[in-house]
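Inside the fold
Single-letter residue listing:
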Amino acid sequence: GAVVSQHPSRVICKSGTSVKIECRSLDFQATTMFWYRQFPKQSLMLMATSNEGSKATYEQGVEKDKFLINHASLTLSTLTVTSAHPEDSSFYICSAREQEVSDTQYFGPGTRLTVL
Amino acid sequence: GQQVMQIPQYQHVQEGEDFTTYCNSSTTLSNIQWYKQRPGGHPVFLIQLVKSGEVKKQKRLTFQFGEAKKNSSLHITATQTTDVGTYFCAGGGAGGFKTIFGAGTRLFVKA
């Protein structure tokens, strides 16, 4: 089956620093990748939709200058949390959709971000 | 805007009992997907339903897509402790590709 990797799995950083999270589709090409944030015991909150070679589409209420998304290739999207603050601590999960195949999303293992 | 409601929020069952979670959309869906997330894990794709009235089975799991393509259900027969986790439905909007996730149903199974 389709595999999506995410790196790092855990990161602890100081307030004010920036953190980059990578999402890779390992065995398929993903024209579209999605970034979600998940709070404990809650559902997935879509932050943005990332299309290869174009600007990401951010959901209402998500600051695009704070959560920078780059989808440089059909297998890689990155999320950079800039000037992180403790309230940004969360579980960030990416997913990828196979190019023009279906709406099925394959999720990465997630990144646990803790901002001190 | 489009909303996907999922009930119940939690379900406690005794091992061997059946379990059902329901998903309802405010708009007609092009498809619906179901995912399972184990505690501490990430969502894993289970199935996608596309056709009106479609029913699919995976061993003890039965998935249904309503005739109007606005609701869906996941039924687990004779639950096992390995079924523990949160089950999410995700509705794909007609004419577009934006997928909206339900809030999830968290299943607890007591041995």
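Residues numbered from 1 in each chain as written. Chains lettered and ligands numbered in written order. Predicted model: local features only at pLDDT ≥ 70, side-chain atom pairs only at ≥ 80, totals over all residues. Heavy atoms only, no water.

Topic: the overall build of chain A
Along chain A, the regular secondary structure elements total zero helices and eleven strands. Computed over its C-alpha atoms, the radius of gyration of chain A comes to 13 Å, within 12% of the 13 Å expected for a compact globule of 116 residues. Taken over the C-alpha atoms alone, chain A extends approximately 40 × 25 × 20 Å along its principal axes. In chain A, which comprises 116 residues, the proportion classed as buried is 50%. Considering only residue pairs separated by 6 or more positions, chain A has 55% of its internal contacts joining residues 24 or more positions apart. Working note: accessible area of chain A is about 5700 Å², and carbon and sulfur atoms make up 49% of it. The centroid of the 11 positive side-chain charges in chain A is displaced by 9 Å from the centroid of its 11 negative side-chain charges. (Helix = DSSP H or I, 4+ residues; strand = E, 2+ residues; numbered from the N terminus. Rg over C-alpha atoms; globule rule 2.2 N^0.38 Å. Buried < 20%, exposed > 50% of the residue type's maximum accessible area, 1.4 Å probe, protein only. Contact = heavy atoms within 4.5 Å. Areas by Shrake-Rupley, 256 points an atom, 1.4 Å probe, with all protein chains shown as cover. Lys, Arg positive; Asp, Glu negative; His and termini not counted. Charge placed at Lys NZ, Arg CZ, Asp CG, Glu CD.)

Thoughts on the interface of chain A and chain B
Listed per partner, the contact involves 19 residues of chain A and 18 residues of chain B. When the two sides are added together, the surface that chain A and chain B hide from each other amounts to roughly 1500 Å², 53% of it contributed by carbon and sulfur. Scanning the region where chain A abuts chain B turns up zero salt bridges. Here chain A is connected to chain B by three residue pairs in polar contact (both at pLDDT 80 or more). (Buried area = accessible area lost by both parts, 1.4 Å probe. Salt bridge = Lys/Arg side-chain N within 4 Å of Asp/Glu carboxyl O. Polar contact = N/O pair within 3.5 Å; in protein donor to acceptor, adjacent residues only side chain to side chain.)

Some thoughts on the layout of surface pockets
Reported here for the largest pocket is a volume of approximately 480 Å³. Lining of the largest pocket is provided by 25 residues; of these, Gln38(A), Pro40(A), Lys41(A), Gln42(A) and Thr86(B) occupy positions nearest its centre. Where the lining of the largest pocket is concerned, the elements lending two or more residues are β9 (85-93) and β11 (105-110) of chain B. Considering only residue class, the lining of the largest pocket consists of ten nonpolar, eleven polar and four charged. Within this model, the second largest pocket holds a volume of roughly 270 Å³. If you go around the second largest pocket, you meet 13 residues; those closest to its centre are Leu44(A), Met45(A), Leu46(A), Ile100(B) and Phe101(B). Counting only elements with at least two residues in the lining of the second largest pocket, the list comes to β5 (44-51) of chain A together with β10 (99-101) of chain B. Among the residues forming the lining of the second largest pocket, the class breakdown is seven nonpolar, four polar and two charged. (1 Å grid on protein atoms, 1.4 Å probe; cavity = no way out; pocket = protein on both sides within 12 Å on 5 of 7 lines; lining within 4 Å. Points joined across faces, edges and corners; volume = space filled by probe spheres on them. Nonpolar A, V, L, I, M, F, W, Y, C, P; charged D, E, K, R; others polar.)

A short note on the sheet that holds strand β7 (residues 61-65) of chain B
Backbone-to-backbone hydrogen bonds join strands into a sheet, with any given pair of strands oriented parallel or antiparallel. Residue and element names in this part refer to chain B. Strand order in the open sheet formed by five strands is β1-β3-β8-β7-β6, and the pairing between neighbours is antiparallel. Pairing within the sheet leaves two strands with one partner each, and these edge strands are β1 (4-7) and β6 (55-58). Averaged over all pairs of adjacent strands, the angle between their axes in this sheet comes to 15°, without regard to strand direction. By the bridge criterion, five bridges tie β7 to strand β8 (residues 71-76) in an arrangement that is antiparallel. Note on β8: the bridge partner recorded for Phe65 is Ser72. (Pairing = 2+ DSSP bridges. Axes fitted to C-alpha atoms, helices over the stretch in contact; angles between N-to-C directions.)

Observations regarding the environment of Val3(A)
Residues and elements named next belong to chain A. Counting through the fold element by element, Val3 comes out in the segment before β1 (4-7). For the pair Val3 and Glu59, spaced 56 residues apart in sequence, the C-alpha separation works out to 25 Å. When residues no more than four places from it in sequence are discounted, the contact partners of Val3 are Arg24, Ser25, Leu26, Asp27 and Phe28.

A look at the sheet that holds strand β7 (residues 67-73) of chain A
Residues and elements named next belong to chain A. Pairing in this open sheet of four strands is antiparallel, and the strands run β1-β3-β8-β7 from one edge to the other. The sheet is open, and its two borders are formed by β1 and β7, each paired with just one other strand. Adjacent strand axes in the sheet meet at a mean angle of 15° when their direction is disregarded. Relative to strand β8 (residues 76-81), β7 runs antiparallel, the two sharing five bridges. Across the sheet, Phe67 pairs through a bridge with Val81, a residue of β8.

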